[in-house]
Amino acid sequence: MGIERTITQVYSSTLIMRSSKLHIALFSLLFLSIHQTAFSQLNTFQEAFEQKKVEEAILAFDKAWSMDSNEAKPFIIKYLSLYAMKGDYTTAYNRLQPLIANNALPTYLKDKAESLYKTCSFAIRHPIAKEITIQNIGDSINSKDAEYFPSINFQDSILLFMRRANWQREDFYVSYLNKDGFTKAQLMKDALNSSAKKGSASVSKDQQTLYFAADFPGMGYGRYDIYKVVATDSGWSSPKNLGRNINTDFWESAPSISPDGNALYFCSNSPDGYGGIDIYVSYKNEKGYWEEAENLGPNINTAADEQAPFIHADNQTLYFASSGWPGFGGSDVFVSRKNKNGEWSKPINLGYPINTFDNEGSISVTSNGQDAFMASDRADTRGGLDIYKVVLAESTRGFIKEDTADFAVVVNQTKNFNAVLFEVNSDQIKFVGNELDSVAKFLILNKKATIIIEGHTDNTGNVTQNLLLSSKRAEAIKQWLINHQVEANRISTIGFGDKVPIASNNTEAGRALNRRTSFRIIF
């Protein structure tokens, strides 16, 4: 029942009492009571809205509207946006349509109404792709603090991300992938975290160079600059500013290094761009120096903000966040592909529920092109921004190329060397693929890691000789790692002979599988 009808009924009933003083007093009291009750419901609505308690906010507004629609009207667009926030863009659209068509909104709400209407119209035209899933990555990564800027290495085995404690200090954390998921995240204790103010990080394919943004007092040209550190025997080196061809007097952040190491993508608010924040790229010349950065142009950048670029392992698929291209609400994540002429395609929105009515930021896509990690603030958050694992729609996935994925190094999981070949009945290594090189680089970079190398044979021949051969082959791999700068005290070996088969020894195919060397990395 509306306030006008209620007041009219009360006013009529008090007239019957034929007491002007009484009916005026009751009328005033009722008006004040209903007004205060509506105001109270609107306060509840505002508080629930700020806390993203969508259903509670909707209920409070509905009550306020039924009590005093005039009092509630200034909040009508904010109220309808709640339906968009919970993914019900159709309801928001259907209720907005008559308000706009009938010119039923005050002037100060019309722009907001048109903006919400366009957003809902876009969302309705882009239904959910059935392949998309999104899941909180869990307590090994996420905490009561904010976690964001996820960055997965090209081998899909190391996840770097930022954690901000008490909304003040920002620090890099690292987690390693094993068969059970990601290990408990650890604070990176190198010079990387010496500054309290940092941005996202990107590690090179060989894991020897890490690029990141930071605000180091006295070391930069502007508010934030991009730096690099290199792997040393004692961890990461001291940060080095990448120089004037990349950094300016303004703000540079969010570096993403290409798989070949020859292109560095980043964002900047330099005034020579198309909008507030644009995406740029710098190419490395033949002498190994970074050339002057280039704006990626209007196929990527708009008059609004484009941020958090991520170049995929295929070296032709670029993901980024934008508040300028059409989307589901605030800032959305998009993908663009580079053609053979070096031109970027029109960006494609990654779709709902990856993108929502809220702001979505950085994303990092694995080398398989299907899975990704992104930061978001959702109903199951552990506290503020959390990192989520996403399965992308097929139309937005990076391309998979055999030559883009290195041997994946995982921890706390036994893995076979498939490209380490020995001479027949010998511990002499005949061929080494990229596997041992990847393991060596991983161990050099991660000083707390140790490795166990296992040797195995089939059941043919002498049991004692098989045990001895398996031990010698494990020792041969140990020596190779030592020769490639891995400390001997971090390497253990064991020969099992034919005691731990992984297939039947009754067939040649099975025996071939059982003749193997394997390893397990432990922290």
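Residues numbered from 1 in each chain as written. Predicted model: local features only at pLDDT ≥ 70, side-chain atom pairs only at ≥ 80, totals over all residues. Heavy atoms only, no water.

This paragraph deals with the packing of aromatic side chains. This structure, assessed with the given rule, holds 24 aromatic pairs. Judged by centre distance (4.1 Å) and plane angle (15°), the ring pair of Phe 61 and Tyr 79 falls under stacked. Highlighted residues: Phe 61 in helix 3 (residues 54-67) and Tyr 79 in helix 5 (residues 76-85), separated in sequence by 18 residues. A ring pair is formed by Phe 122 and Phe 328, whose centres lie 5.3 Å apart and whose planes are at 85°; its orientation type is edge-to-face. Placement of the pair is Phe 122 in helix 7 (residues 107-125) and Phe 328 in the loop between strand 17 (317-322) and strand 18 (332-337), with a sequence separation of 206 residues. (Phe/Tyr/Trp six-rings, centres within 6.5 Å; stacked < 30°, edge-to-face > 60°. Helix = DSSP H or I, 4+ residues; strand = E, 2+ residues; numbered from the N terminus.)

Note the cis peptide between Tyr 352 and Pro 353, where omega equals 5°. Mapped onto the elements of the fold, Pro 353 is located in the loop between strand 19 (348-349) and strand 20 (363-365). Here the phi dihedral of Asn 315 falls at roughly 65°; this positive angle occurs in a residue that is not glycine. Examined against the element boundaries, Asn 315 turns out to sit in the loop between strand 16 (306-311) and strand 17. Residue Asn 315 is classed as partly exposed on the basis of its relative accessible area, which comes to 23%. (Buried < 20%, exposed > 50% of the residue type's maximum accessible area, 1.4 Å probe, protein only.)

Enumeration according to the criterion identifies 16 salt bridges in this entry. Measuring nitrogen to oxygen at the nearest pair gives 3.0 Å for the salt bridge that ties Asp 171 to Arg 169. We classify Asp 171 as buried; its relative accessible area is 12%. Linked by salt bridges that have partners in common, Lys 52, Asp 358 and Asp 377 make up one network. (Salt bridge = Lys/Arg side-chain N within 4 Å of Asp/Glu carboxyl O.)

On to the sheet that holds strand 28 (residues 516-522). Pairing in this open sheet of four strands is mixed, and the strands run 23-28-26-27 from one edge to the other. The open sheet has two edge strands with one neighbour each: strand 23 (415-416) and strand 27 (491-495). Of the strand pairs in this sheet, strand 26 (residues 450-456) and strand 27 are connected by five bridges, and their pairing is parallel. When the bridges of strand 27 are listed, Ile 452 appears paired with Ser 492. Where helix 9 (residues 463-483) meets the sheet, its contacts fall on strand 26, strand 27 and strand 28, and the angle it forms with strand 27 comes to roughly 160°. (Pairing = 2+ DSSP bridges. Contact = heavy atoms within 4.5 Å. Axes fitted to C-alpha atoms, helices over the stretch in contact; angles between N-to-C directions.)

On to the sheet that holds strand 22 (residues 386-391). Taken together, the four strands give an open sheet; going across it, the order is 1-22-21-20, and neighbouring strands pair in antiparallel fashion. Across the chains shown, the open sheet's two edge strands, defined by having one partner strand only, are strand 1 (133-136) and strand 20. The sheet shows a mean angle of 25° between the axes of neighbouring strands, direction not considered. Relative to strand 21 (residues 371-376), strand 20 runs antiparallel, the two sharing three bridges. Looking at strand 21, one finds that Val 365 is bridged to Ala 372.

Now for the confidence of the model for the protein chain. Low-pLDDT portions of the prediction should not be read for the details of their coordinates. Mean pLDDT over the protein chain: 86, with 89% of residues reaching 70 or higher. Note that residues 14-18 has pLDDT below 50 and, in this model, five contacts with residues that lie over four places away or in other chains. Low pLDDT (under 50) marks residues 402-406, which in the prediction has nine contacts with non-local residues, meaning those over four places away or in another chain. (pLDDT = per-residue confidence, 0-100.)

To continue, consider the side chain of Glu 360. Within the secondary structure, Glu 360 is located in the loop between strand 19 and strand 20. There is a polar contact of 2.4 Å between the side chain of Glu 360 and the side chain of Thr 356. Within the structure, Glu 360 has its side chain in polar contact with the side chain of Ser 376 (distance 3.2 Å). In this structure, Glu 360 is in contact with Ala 321, Ser 331, Asp 332, Val 333, Ile 354, Asn 355, Met 374, Ala 375, Ser 376 and Arg 378, ignoring residues within four places of it in sequence. (Polar contact = N/O pair within 3.5 Å; in protein donor to acceptor, adjacent residues only side chain to side chain.)

Below, the discussion takes up helix 3. Taking 1.5 Å per residue, 14 residues should reach 20 Å; helix 3 reaches 20 Å between its end C-alpha atoms and fits that length. Along helix 3, the residues classified as buried are Val 54, Ala 57, Ile 58, Ala 60, Phe 61 and Ala 64. Looking down the long axis of helix 3, one finds its buried residues gathered within 165° of arc, a one-sided arrangement. (Expected span 1.5 Å × (residues − 1). Arc of directions from axis to C-beta.)

This part takes up the nonpolar core. Judged by nonpolar contacts, the single largest core of 43 residues is most densely connected at Leu 192, Leu 210, Phe 212, Trp 236, Leu 443, Ile 451 and Leu 481. Here this core gets seven residues from one element, more than from any other, and that element is helix 8 (residues 434-445). Setting aside its immediate chain neighbours within four residues, Leu 192 contacts Phe 172, Lys 198, Leu 210, Phe 212, Val 229 and Trp 236. Listed in part, the 32 residues of the second largest apolar core include Tyr 79, Leu 82, Ala 113 and Tyr 352. (Core = buried A, V, L, I, M, F, W, Y, C linked by side-chain atoms within 4.5 Å.)

This part covers helix 7. Taking 1.5 Å of rise per residue, the 19 residues of helix 7 would be expected to cover 27 Å, and the 28 Å separating its terminal C-alpha atoms lies within 8% of that figure. Among the residues of helix 7, those classed as buried are Leu 109, Ala 113, Leu 116, Thr 119, Cys 120, Phe 122 and Ala 123. Summarising the contacts, the buried residues of helix 7 are in contact with helix 5, helix 6 (89-101) and strand 19.

This part takes up the packing of helix 8 against helix 9. In helix packing, the relevant descriptors are the interaxial angle and the interaxial distance, both defined with respect to the helix axes. Where helix 8 meets helix 9, the closest approach of the two axes is 10 Å, and the angle between their N-to-C directions is 55°. In terms of their interaxial angle, helix 8 and helix 9 are classed as oblique. Handedness of the helix 8/helix 9 crossing: right-handed. From helix 8, Leu 436, Asp 437, Val 439, Ala 440 and Leu 443 reach across to helix 9, where they touch Ile 477, Trp 480 and Leu 481. The residue inventory of the contact of helix 8 with helix 9, partitioned by class, reads seven nonpolar, no polar and one charged. (Parallel < 35°, antiparallel > 145°, perpendicular 65-115°, else oblique. Left-handed = near helix turned anticlockwise from the far one by under 90°. Nonpolar A, V, L, I, M, F, W, Y, C, P; charged D, E, K, R; others polar.)

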